[in-house]
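# Structure at a glance
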Amino acid sequence: MDLISELTWRGMFHDAMPGTAEHLATNAPITGYIGFDPTAASLHIGNLATIMLLVHLQRAGHRPVALVGGATGMIGDPSGKSAERNLLDEATLRHNQAGIQTQLEKFLDFSEGPTGALVVNNYDWFKEIGFLGFLREVGKHLTVNYMMAKDSVQKRIGINKTVDRINAGIERIKSEFLDDAARLISEGKTDEGLKLLNIARGYLDGLQKLSEPGFEQMREETAAFFQKTIFGSPEDAGISYTEFSYQLLQGYDFVHLNKTLGCTLQMGASDQWGNITTGTELIRRLANAEDREAKAYALTGQLITKADGTKYGKSETGTVWLDPALTSPYQFYQFFLNSADADAPRLIRVFTLLSEPEILAIEAEHAAAPHLRILQKALAADVTTRVHSAAATEAAIAASQVLFGGGDLASLDEATLLDVFAGVPHLRVLRAEMLLELNAATFLSDFTLHKIFPSKGEARKMIQAGGVSINRQKVTSPDDSVAALEHLAGKYLVVQKGRRNFFLVELVS
């Protein structure tokens, strides 16, 4: 199947320049690239969706190139951002590049041959280019009007106008209303002062509300109101020249790869369309100026969002990374396992290489018994195996079963044990005191500072009802000794109270 057809049935295709499909069909193998921002030492789930574009490019018989933006990473892409980010130094960027390349090697075939993948770093060519030379040879070919028209630039300017105007209005309210209220109160006009103070507080509370999601239109209207009636037009914060120039630098990346590797396709997420087409336009204009022919095409994939339209790729604890040191295989597996039924059909198409018949069969099985979460299990197992390993997936599955009455607690290493019970109360007690002849009722109440049971009487009652387990072993009597209990990972006890309440007790020296 050709690349665009493959991406289309998977729901990954967004747009392409005219002629891209024909170019892919008649010029195999072509070379295509995607840029990756090295602002962290690891890629994340959002990047994985983009990596899959390169994977499908290679599977369709073409050559994928991953460009790590060592140079552009020092500047920052304004796309989708409301403020300029902190700039990174070269040493940090080099460190991040090494981590990213290691992760890319898990997905792409880097063997020799016409379709073997490459990783390049744009710092390697930008470090040799002087500022004046770049302006003379490259900058003159794109007008400021062309660059200003890009959505990423327009949105940044608009966001800054809105934020500045609202902030200006807040300051005006503070200076006029609050100061006046304080003056009236100091003059003995308490009622008038308090009335004005309450008005000011109402305004400020309302403005605070405007920072929340869902109030975008109201923010714009409020900003316009402040501009017209309260403060006037403040100086626009806008966008710095540094970030404004990002699209020109990214465009030149395409020019360089086009000349040196014969690269004719740039891909990326849909929010990169403006930067990508800057590259194709720059190639066209430079080729015209040099009286030569050059081919350049663009293709973008769909941004991955949840069914409710919110951004995909973050868990309750933050970004889901591909590095196991940042997001453990268990947490990674759980992230996909917990996918909503409305999201899972799309995710399994984007993040796995399962064929359409295989996915349809899994979906049919899932529809017959949704409570078994067959679709989510297939998705989580496939992605975790490719990102980490089959062994990591098996360990994650075993750990997942622990909370549902299965699995062997003693088989979990300390890191996985802590992951599994990350959301339960974590109690610390002195190990030495565990050598005392404590009975179960005392241990579960007094010894654990009444965090598990408020009294020995309640502990006794539930133990006698068969509702307490330690390390999955039922506590049969309130007088059972706990001194001889086996400690998980050498220092933990897992207490289960009833069906749903867990406590992790750590023995410390």
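Further up the page is the structure itself.
Here goes a summary of the coordinates provided. From a predicted model like this one, the values you see are computed outputs, not experimental measurements.

### Points about the sheet that holds strand 9 (residues 426-430)
Ordered by their spatial adjacency, 5 strands build an open sheet running 9-13-12-10-11, and the pairing between neighbours is mixed. Two strands close off the open sheet at either side, each with one partner strand: strand 9 and strand 11 (473-474). One ladder, built from 5 bridges, connects strand 9 with strand 13 (residues 501-508); its direction is parallel. By the bridge assignment, valine 429 is partnered in strand 13 with leucine 507.

### A closer look at unusual backbone geometry
Following alanine 28, the chain continues into proline 29 via a peptide bond in cis, with omega recorded as -5 degrees. Within the fold, proline 29 resides in the loop between helix 2 (20-26) and strand 2 (31-36). Positive phi, close to 55 degrees, is recorded for leucine 449, a residue that is not glycine. Relative to the helices and strands, leucine 449 resides in the loop between helix 20 (440-447) and helix 21 (456-464). Its identity is not glycine, yet arginine 472 carries a phi of approximately 75 degrees, on the positive side. Look at arginine 472 and you get partly exposed, because its relative accessible area is 26%.

### Re the sheet that holds strand 4 (residues 118-121)
Within the open sheet, the 6 strands sit side by side as 1-6-5-2-3-4. Their pairing is mixed. Each of the sheet's edge strands pairs with one partner strand only, and the pair in question is strand 1 (13-16) and strand 4. The sheet shows a mean angle of 25 degrees between the axes of neighbouring strands, taken without regard to direction. Pairing of strand 2 with strand 5 (residues 263-269), which is carried by 3 bridges, proceeds in the parallel orientation.

### Here we look at helix 15 (residues 344-351)
Side chains of residues three or four places apart in an α-helix project in the same direction, reflecting 3.6 residues per turn. With 6 of 8 residues buried, helix 15 is to be regarded as a mostly interior element. Packed against the buried residues of helix 15 are helix 1 (3-9), helix 3 (45-59), helix 14 (329-337), helix 16 (356-368) and helix 17 (374-387).

### A few points about the packing of aromatic side chains
Enumeration according to the criterion identifies 7 aromatic pairs in this entry. By way of ring pairs, the aromatic residues Phe332, Phe335, Phe336 and Phe351 are connected into one cluster. Over the face of the ring belonging to phenylalanine 453 we find lysine 497, whose NZ or CZ atom lies 4.6 Å from the ring centre.

### Notes on a nonpolar patch on the surface
A surface patch of nonpolar side chains, about 330 Å² in accessible area, is lined by Phe131, Leu132 and Leu135. Tracing the backbone shows phenylalanine 131 in helix 6 (residues 131-137). Its relative accessible area of 55% is what places phenylalanine 131 among the exposed residues.

### As for the nonpolar core
In this structure, Ile45, Leu48, Ile51, Met267, Leu322, Phe336 and Phe351 are the most contacted members of the largest nonpolar core, which totals 55 residues. Looking at which element gives the most residues to this core, the answer is helix 3, with 9 residues.

### Some thoughts on the pattern of salt bridges
The final tally for this structure, using the stated rule, is 13 salt bridges. For glutamate 363, the salt bridge goes to arginine 349, with nearest N and O atoms at 2.5 Å. Placement of the pair is glutamate 363 in helix 16 and arginine 349 in helix 15, with a sequence separation of 14 residues. A single burial state applies to glutamate 363 and to arginine 349, both of which are buried. Its salt-bridge partner being aspartate 446, residue lysine 456 comes within 3.6 Å of it at the nearest N-O pair. Placement of lysine 456 in helix 21 and of aspartate 446 in helix 20 is noted, with a sequence separation of 10 residues between them. According to the relative accessible area criterion, lysine 456 is partly exposed, its value standing at 37%. Residue classification places aspartate 446 among the partly exposed positions, given a relative accessible area of 33%.

Definitions and cut-offs
- Residues numbered from 1 in each chain as written.
- Predicted model: local features only at pLDDT ≥ 70, side-chain atom pairs only at ≥ 80, totals over all residues.
- Heavy atoms only, no water.
- Pairing = 2+ DSSP bridges.
- Helix = DSSP H or I, 4+ residues; strand = E, 2+ residues; numbered from the N terminus.
- Buried < 20%, exposed > 50% of the residue type's maximum accessible area, 1.4 Å probe, protein only.
- Axes fitted to C-alpha atoms, helices over the stretch in contact; angles between N-to-C directions.
- Contact = heavy atoms within 4.5 Å.
- Phe/Tyr/Trp six-rings, centres within 6.5 Å; stacked < 30°, edge-to-face > 60°.
- Lys NZ or Arg CZ within 6 Å of the ring centre and 35° of its normal.
- Patch = residues over 30% accessible without salt bridge, like charges linked within 9 Å, V, L, I, M, F, W, Y side chains within 5 Å.
- Areas by Shrake-Rupley, 256 points an atom, 1.4 Å probe, with all protein chains shown as cover.
- Salt bridge = Lys/Arg side-chain N within 4 Å of Asp/Glu carboxyl O.
- Core = buried A, V, L, I, M, F, W, Y, C linked by side-chain atoms within 4.5 Å.

Any link to function would need more than the numbers given here.
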